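Analysis of the macromolecular model
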Amino acid sequence: MSHDTLPRPVKTGEPLAKPAARRRRGHWSRRANPLAGLGAVIWLAVVLVPIYAMISASLTRQDQALGNNALKPPTDPTLDNYNTVLHNGFGHFLANTAIVAAAVVAIVLVLCVPLAHVAVRTRNAWSGSAFRLFLLGVAIPAQAVVVPLYLMIAKLDVYDSLLAVVLPTAAFAMPVSVLILTGTLRDISEELYEAMALDGASPTRMLFQLVVPLAKGGISTVVIYSALQAWNGFLFPLIFTQSDGPRVLTLGLFNYVSQFGVNIPALLASVVLSGIPIFAVYLVARRALVGGLMGVGGK
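Residues numbered from 1 in each chain as written. Predicted model: local features only at pLDDT ≥ 70, side-chain atom pairs only at ≥ 80, totals over all residues. Heavy atoms only, no water.

Further remarks concern the side chain of S177. Considering the arrangement of structural elements, one finds S177 in helix α7 (residues 162-185). For S177, a relative accessible area of 0% corresponds to the buried category. When near neighbours in sequence (up to four residues on either side) are disregarded, S177 contacts V108, C112, V222 and Y225. (Helix = DSSP H or I, 4+ residues; strand = E, 2+ residues; numbered from the N terminus. Buried < 20%, exposed > 50% of the residue type's maximum accessible area, 1.4 Å probe, protein only. Contact = heavy atoms within 4.5 Å.)

The following block contains the structure:
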């Protein structure tokens, strides 16, 4: 051991240093950010105040809906509005919306996972050009192609059915889903592919035994994103359906709008009930959602 590496002798009466404690204090002092905390509180208020006002108004009687302060708790709360919603076709609309959301998620996963896998694993100009062309769908608004879509739906003879809502919703969810999945799949190590190739694994086996298990974060993000697109969709159900049979939740809100007024408490009660399922899904998969979105940038 050289002289430079010998520990310095501690003199008598010299206090012992506590580098760990000092590092800990420095760590917390560097992380303290009052402005960020204040901004978080303000943002929390911005999010929670409308939710509180909506729930409070849904518990108010219809004749008192417009006379009370929106932030004042109802003096005589009632559940009659929720009872009205549940007995006015809400279950039928909820079932239709769940069917549409499940079908959209299934179509997106079945098509986008192999597409993203091919885009990541195929290294040639054609693959890159096809991937960039496919992502042009992100820049195309749905309103710009409503008329061609209407003609296609009519030609397929699926107008006024749930399939007329499922197909365009899945198509417009696919570009963003492929973008998310490619960012996730690029993080899978090349050595893992080589190891499975040496074991004689086929591309299909690599997809199901390597790619899918390691891409759970991106897949969860795609599931939530596509489900939200289907759950909150309004334009396609409005244009491509007409009767009450395939009506979904977003169109079911029209039941509380009449020629002479709007049943505001019942309308807000319907909004509250329709938001509970998708909010529960988000709470369960929020970690995977954040992790998947962080991988969009990819390598």
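Let's pick the thread back up.
Here the focus is the packing of α7 against helix α10 (residues 216-231). The contact between α7 and α10 brings their axes to 9 Å, and the two run at 160°. Taken together, α7 and α10 sit at an angle that is classed as roughly antiparallel. Crossing of α7 against α10: the hand is right-handed. Only G218, I219, T221, V222, Y225, S226, Q229 and A230 of α10 make contact with α7, whose side of the interface consists of T169, F172, A173, V176, S177, I180, L181 and T184. A per-class count over the contact of α7 with α10 returns nine nonpolar, seven polar and no charged. (Axes fitted to C-alpha atoms, helices over the stretch in contact; angles between N-to-C directions. Parallel < 35°, antiparallel > 145°, perpendicular 65-115°, else oblique. Left-handed = near helix turned anticlockwise from the far one by under 90°. Nonpolar A, V, L, I, M, F, W, Y, C, P; charged D, E, K, R; others polar.)

In this section: the environment of L71. Assignment of secondary structure puts L71 in the loop between α2 (34-58) and α3 (80-86). As for L71 and S56, which are separated by 15 residues in sequence, their C-alpha atoms are 7.7 Å apart. Leaving out residues up to four positions away in the same chain, L71 has contacts with V49, Y52 and A53.

Following the criterion strictly, the structure yields three aromatic pairs and no others. Aromatic pair Y150 and Y159: ring centres 5.7 Å apart, planes at 75°, arrangement edge-to-face. With a relative accessible area of 36%, Y150 lands in the partly exposed category. Judged by its relative accessible area of 31%, Y159 is partly exposed. Aromatic rings pair up to connect F172, F236 and F240 into one cluster. Geometry around Y193 places R121 over its ring, the cationic atom sitting 3.8 Å from the centre. (Phe/Tyr/Trp six-rings, centres within 6.5 Å; stacked < 30°, edge-to-face > 60°. Lys NZ or Arg CZ within 6 Å of the ring centre and 35° of its normal.)

To continue, consider the packing of helix α4 (residues 90-121) against α10. Remark: α4 packs on α10, axes separated minimally by 8 Å, with the N-to-C direction vectors making an angle of 140°. Here α4 is positioned oblique relative to α10, judged by the angle of their axes. Crossing of α4 against α10: the hand is right-handed. Contact residues: α4 offers L94, T97, A98, V100, A101, V104, V105, V108, L109 and V113, while α10 offers I219, V222, V223, S226, A227, A230 and W231. Its residues assigned to classes, the contact of α4 with α10 comprises 15 nonpolar, two polar and no charged.

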